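This is what each chain is made of:
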Amino acid sequence: MSSRDKILAAVAQNKPEAMPLPHIAPFKEIGYTDVIGQYETVLTAIGGKVHRVNNWDEIKTIVKEKYNAQNVRVLSLVPELDDVATSAYEINPAAHHLADVELALIKAHFGVAENGSVWVTEELLGHRAVPFICQHLAAVITSSNLVDTMHRAYMRIGLETYGWGAFIAGPSKTADIEQSLVLGAHGPRSMTVFVLQD
Amino acid sequence: MEVGTKDHAELAEIFNKDEERVNWHDETLWWIRAKRDKSVHQLPEWEALREAASNVKFNVLSHLNTYLEQFEAAAKANGVIVHWAADAKEHNEIVHGLLKENKVTQMVKSKSMLTEECHLNEYLATHGIEVIDSDLGERIVQLAGEPPSHIVLPCIHKKKEEIGDLFHMYLGTPSNMADPQFLTETARGSLRETFLTRKVALTGVNFAIAETGEFVVCTNEGNADMGAHLADVHIACMGIEKLIPKREHLGIFLRLLTRSATGQPITTYSSHFGKPREGQQMHLVLVDNGRSVQLGRKDFRNSLKCIRCGACMNTCPVYRRSGGHSYHTAVAGPIGSILAPNLDMKKYADLPFASTLCGSCSNVCPVKIDIHDQLYKWRQVLVKEGYAPTGKKIAMQVMATTLASPTLYHAAGKMGRATIKYAPFAVNNKLNAWYKEREMPAPPKESFGEWYAKNKK
């Protein structure tokens, strides 16, 4: 008997009487009166930055103020922002060529007000490593693409298939040394979200 | 994990020698507990969420074989290679086999308490494989040659000066550098090199979804993703109880997990791994290692609902003052004390006694495990099965005889009062465990029985 069959048989033998799944529909009704305000408050509190902007030019101005694409590598996965980038993304299965990216500009599907996260899937990223290997990360969402809670986030994702996806909430961080918070553990040292009015 | 043959009380005594450090440890963990409270109180639906999570997990346990088969089929359809391990030994062999197949002798690993439980690092080391732990806290304890002392905060027992010394010795930082920002930056640089050069990365799993075959890994540092996305081979290891039925249930668990653990609304990264990257191998190892046995123990199966948030440790008055290493098992604290005896009753017979049964653990548990009740029940099982220490057995026997006889009871009461009054040295000595760290109380003049006999009209 294989281990698989042994484990399944033991589990079948020892499992308790069938219990039903709970109704979770009421959680999906929970919401905030000021969704953008909530999003901004939470993401700021966990170390991220939020800019509410009206158009792509405003984003470009903010990016250019901090990053000169001549001096540091700015990678764009957002066609509308290609002109503030050093180069647009070129498909390359090895992520190691991304090790020197200073700033990565990405689009996200939507944001979640209760925890300040954005939901991304690999189609938006070129490579799964992009939002981790860069020194700084900036994501763009449109203001209509904010959901209240994680329950609504999963309603929105539904049963869509993806190879890889993630909620990203703020910069990479650690407090492993005496509970002192340090931003920039292994991933980005900062995370900015541009909420584009639509 | 082996700390020789010392039990919890003896190991706690060692930890307690440095009173200042104990106070600091205690206060740090309580501060995290307070952060959890602050975060939890912002959600009016918190109790309903706990109830829902508990019920989802009950449903999972009662259909676990079906969900496992459903998950396996979906994961395989996604291109994931699924392995099954009956015990720790088989788990370690599977991982080692994959490393051999890929002809590598180095691996980067993110946090996985399961691999701690299976002693994977030690096993691989004996086969000439070098494993680098990439979670900062785990890297620190790895450099120190110690196991993690907490499942979420692996080096919570270490002072920054000690970490500075370790980094000076192993990572070449200047001596006496203890600034957390500087030390983290050093580790970042060193581990980035590791991420960029390892072909195989191993991660743990927080949740696996039967419906879709995907699995979710949560980190704040981004180390699981840095490892997995840069490696040619990703190995994910999970206990069979980590399953949840549907993707929508993640909404409940991701809301509960990090708020309970550290008070954050969510971890920085909640990564959903569905399919391997193009050209990448993705392996998933499903591990039993005693879980199916625990499932059959009616009084203790509930412990399999655990989502490893660590809230029960942060709140536990015994854990906070005895330190994680005193539990001499991979998962310390209250939850560890009900999981460990399932694996080895003899070796872990001391752990269910390392509790005041105050119930604080059960109150903060996000999936409503009746932890303190199970600690109490384990004590009964362990004594019945003959695993209680001889001293405790004799004491309990004496107590049972005394309490069963009114004559003996009254005589013993008198003797006790007289002893404390006239011969305090007979109890105020180190043979009496109750005397440790405290004075014996002043003896009352008479017992309640004597007082009542005098005063009844």
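In this text the structure is predicted, and so the values were computed from the model without any measurement.

(A) Looking closely at the overall build of chain B. Summing up its helical and strand segments, chain B has 21 helices and ten strands in all. For 457 residues, the compact-globule estimate of 2.2 N^0.38 gives 23 Å, and the C-alpha radius of gyration of chain B, at 25 Å, lies within 12% of that figure. Here the C-alpha coordinates of chain B stretch approximately 90 × 55 × 45 Å along the principal axes. Long-range contacts, defined here as pairs at least 24 residues apart, represent 73% of the contacts in chain B between residues at least 6 apart.

(B) Molecular detail of the packing of helix α16 (residues 333–343) of chain B against helix α18 (residues 371–384) of chain B. Residue and element names in this part refer to chain B. In the contact formed by α16 and α18, the axes pass within 9 Å of each other and the chain directions differ by 35°. In this structure, α16 crosses over α18, and the sense of that crossing is left-handed. Residues P334, I335, S337, I338 and P341 of α16 touch α18, and the partners they reach there are I371, Q374, L375, W378 and L382. Within the contact of α16 with α18, the residues separate by chemical class into eight nonpolar, two polar and no charged.

(C) Looking closely at the environment of E90 of chain B. Structurally, E90 of chain B is set in helix α5 (residues 88–101). Given 18 C-beta atoms within 10 Å, E90 of chain B falls into the partly exposed group.

(D) Inspection of helix α8 (residues 136–144) of chain B at higher detail. Counting buried residues in α8 of chain B gives seven out of nine residues, a clear majority hidden from the surface. Within the span of α8 of chain B, buried status applies to L136, G137, E138, R139, I140, V141 and Q142 of chain B. Those residues of α8 of chain B that are buried lie in contact with β10 (173–174) of chain A together with β3 (130–133), α9 (160–171) and α10 (180–197) of chain B. G145 of chain B sits one or two positions beyond α8 of chain B and adopts a positive phi of about 70°.

(E) Region of interest: the nonpolar core. The biggest cluster of nonpolar side chains holds 178 residues, and the ones touching the most others in it are L105 and I106 of chain A together with F215 and F253 of chain B. Filtering out sequence-adjacent residues up to four positions away, I106 of chain A remains in contact with L77, V78, V120, L124, L125, V130, P131 and A139 of chain A.

(F) Main features of the interface of chain A and chain B. At the interface, 62 residues of chain A touch 69 residues of chain B. Those elements that provide at least two residues to the side of chain A that touches chain B are α1 (3–14), α4 (130–133), α5 (150–157), β9 (164–168) and β10 of chain A. Here the side of chain A that touches chain B takes nine residues from α1 of chain A, the largest share from any one element. Across the side of chain A that touches chain B, the residue classes break down as 35 nonpolar, 18 polar and nine charged. The pairing of β9 of chain A with strand β9 (residues 269–273) of chain B spans five bridges and is classified as antiparallel. Following the sheet pairing, A166 of chain A is matched in β9 of chain B by S271 of chain B.

(G) Layout of the sheet that holds strand β2 (residues 106–109) of chain B. All names here are of chain B. Sheet architecture is open: six strands sit in the order β1-β10-β7-β4-β2-β3, paired in parallel fashion. Only two strands of the sheet have a single neighbouring strand rather than two, namely β1 (81–85) and β3. Taken pair by pair, the neighbouring strands of this sheet meet at an average axis angle of 25°, ignoring direction. Note that strand β7 (residues 233–239) and strand β10 (residues 281–287) share seven bridges and pair parallel.

(H) Geometry of the domain arrangement of chain B. Residue and element names in this part refer to chain B. The domains assigned to chain B are domain 1 (1–42 + 310–388), domain 2 (44–289) and domain 3 (392–455). Once you take the C-alpha centre of each, domain 1 and domain 2 turn out to be 23 Å apart. The interface of domain 1 with domain 2 comprises 23 residues on the first partner and 24 residues on the second. Elements supplying a minimum of two residues to the side of domain 1 that touches domain 2: α2 (19–40) and α14 (311–315). The element best represented in the side of domain 1 that touches domain 2 is α2, accounting for nine residues.

(I) Quick peek at unusual backbone geometry. Residues and elements named next belong to chain B. Of note in the backbone geometry, R308 takes a positive phi value of approximately 60° without being a glycine. Relative to the assigned elements, R308 resides in the loop between α13 (291–295) and α14. Positioned with a positive phi, H328 is a non-glycine residue whose angle comes to about 40°. Turning to its location among the elements, H328 is positioned in the loop between α15 (317–322) and α16.

(J) A look at the environment of I106 of chain A. Residue placement: I106 of chain A occurs in strand β4 (residues 101–107). Residue I106 of chain A is classed as buried on the basis of its 23 C-beta neighbours within 10 Å.

(K) Representation of helix α4 (residues 64–77) of chain B in the model. All names here are of chain B. The end-to-end C-alpha distance of α4 is 20 Å, a good match for the 20 Å that 14 residues give at a rise of 1.5 Å each. Listed in full, the buried residues belonging to α4 are L64, Y67, L68, F71 and A75. Buried residues in α4, looked at end-on, bunch into an arc of 100°, giving them a common side. Taken from the residues just after α4, G79 is the one with a positive phi, measuring 95°.

(L) Fine view of the sheet that holds β4 of chain A. All names here are of chain A. Taken in spatial order, the six strands of this open sheet run β1-β12-β7-β4-β2-β3, and their pairing is parallel. Only two strands of the sheet have a single partner each, and these edge strands are β1 (49–53) and β3 (87–88). Examined bridge by bridge, β4 and strand β7 (residues 136–142) share five bridges and lie parallel to one another. Bridging from a neighbouring strand, A104 pairs with L137 of β7.

(M) Examining the packing of α1 of chain A against α4 of chain B more closely. Interhelical geometry of α1 of chain A versus α4 of chain B gives an angle of 145° and a closest axis separation of 8 Å. Here L8, V11 and A12 of chain A of α1 of chain A come into contact with α4 of chain B, specifically with L64, N65, L68 and E69 of chain B. For the contact of α1 of chain A with α4 of chain B, the per-class residue count stands at five nonpolar, one polar and one charged.

Cut-offs and rules
Residues numbered from 1 in each chain as written. Chains lettered and ligands numbered in written order. Predicted model: local features only at pLDDT ≥ 70, side-chain atom pairs only at ≥ 80, totals over all residues. Helix = DSSP H or I, 4+ residues; strand = E, 2+ residues; numbered from the N terminus. Rg over C-alpha atoms; globule rule 2.2 N^0.38 Å. Contact = placed C-beta atoms within 7 Å. Axes fitted to C-alpha atoms, helices over the stretch in contact; angles between N-to-C directions. Left-handed = near helix turned anticlockwise from the far one by under 90°. Nonpolar A, V, L, I, M, F, W, Y, C, P; charged D, E, K, R; others polar. Buried ≥ 20, exposed ≤ 12 C-beta atoms within 10 Å, placed from the backbone. Core = buried A, V, L, I, M, F, W, Y, C linked by C-beta atoms within 7 Å. Pairing = 2+ DSSP bridges. Domains from an automatic or database assignment. Expected span 1.5 Å × (residues − 1). Arc of directions from axis to C-beta.

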